[in-house]
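Examination of the molecular architecture
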Amino acid sequence: GRGRGRGRGRGKKGAPPSREALDDDLDAYLFKNNPKAASAKLDDDMDDYWANRNPGGAEAKEQGEPEAEPAAEEAEQPAAA
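This text gives an overview of the structure that appears in the document. (Residues numbered from 1 in each chain as written. Predicted model: local features only at pLDDT ≥ 70, side-chain atom pairs only at ≥ 80, totals over all residues. Heavy atoms only, no water.)

So, the overall build of the protein
A tally of regular secondary structure across the protein gives 4 helices and 0 strands. Mapped in sequence order, the helices and strands of the protein form the string α-α-α-α. Buried positions account for 2% of the 81 residues belonging to the protein. Here the protein displays about 8000 Å² of accessible surface, and carbon together with sulfur accounts for 50% of that area. (Helix = DSSP H or I, 4+ residues; strand = E, 2+ residues; numbered from the N terminus. Buried < 20%, exposed > 50% of the residue type's maximum accessible area, 1.4 Å probe, protein only. Areas by Shrake-Rupley, 256 points an atom, 1.4 Å probe, with all protein chains shown as cover.)

A look at the packing of aromatic side chains
Geometrically, a pair of aromatic rings is defined through the distance of the ring centres and the angle of the planes. The full count for this structure, using the stated rule, is 1 aromatic pair. With 5.2 Å between their ring centres and 80 degrees between their planes, Y49 and W50 make a pair best called edge-to-face. Judged by relative accessible area, Y49 falls into the partly exposed class, the value being 42%. On the basis of relative accessibility, which here comes to 42%, the residue W50 falls in the partly exposed class. (Phe/Tyr/Trp six-rings, centres within 6.5 Å; stacked < 30°, edge-to-face > 60°.)

Focus: the pattern of salt bridges
Per the counting criterion, the structure on display carries 2 salt bridges. Note that D45 and K41 form a salt bridge whose closest N and O atoms lie 2.9 Å from each other. In this pair, D45 and K41 both sit in helix α2 (residues 35–53), 4 residues apart, roughly one turn of the helix. For D45, a relative accessible area of 35% puts it in the partly exposed group. Residue K41 is classed as partly exposed on the basis of its relative accessible area of 27%. Each of D27, K41 and D45 takes part in a single network of salt bridges with overlapping partners. (Salt bridge = Lys/Arg side-chain N within 4 Å of Asp/Glu carboxyl O.)

The structure is reproduced here in structure tokens:
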């Protein structure tokens, strides 16, 4: 005979997990018993989020720089040209 189980295959697996799902699983594993490290990571993630969301960064927002100013400068340049 040919032996048992030959050629049956192993079955199909689901789609591979996304990068975000893998990151979440790793964070859950690493920070399960260390809430201080988890808090520090969350703070860093939030800082990165706000830095990328606001092109001027948090410093520009705190200093009260108006966001409409560059648009006004662009409107003046075509009129002068």
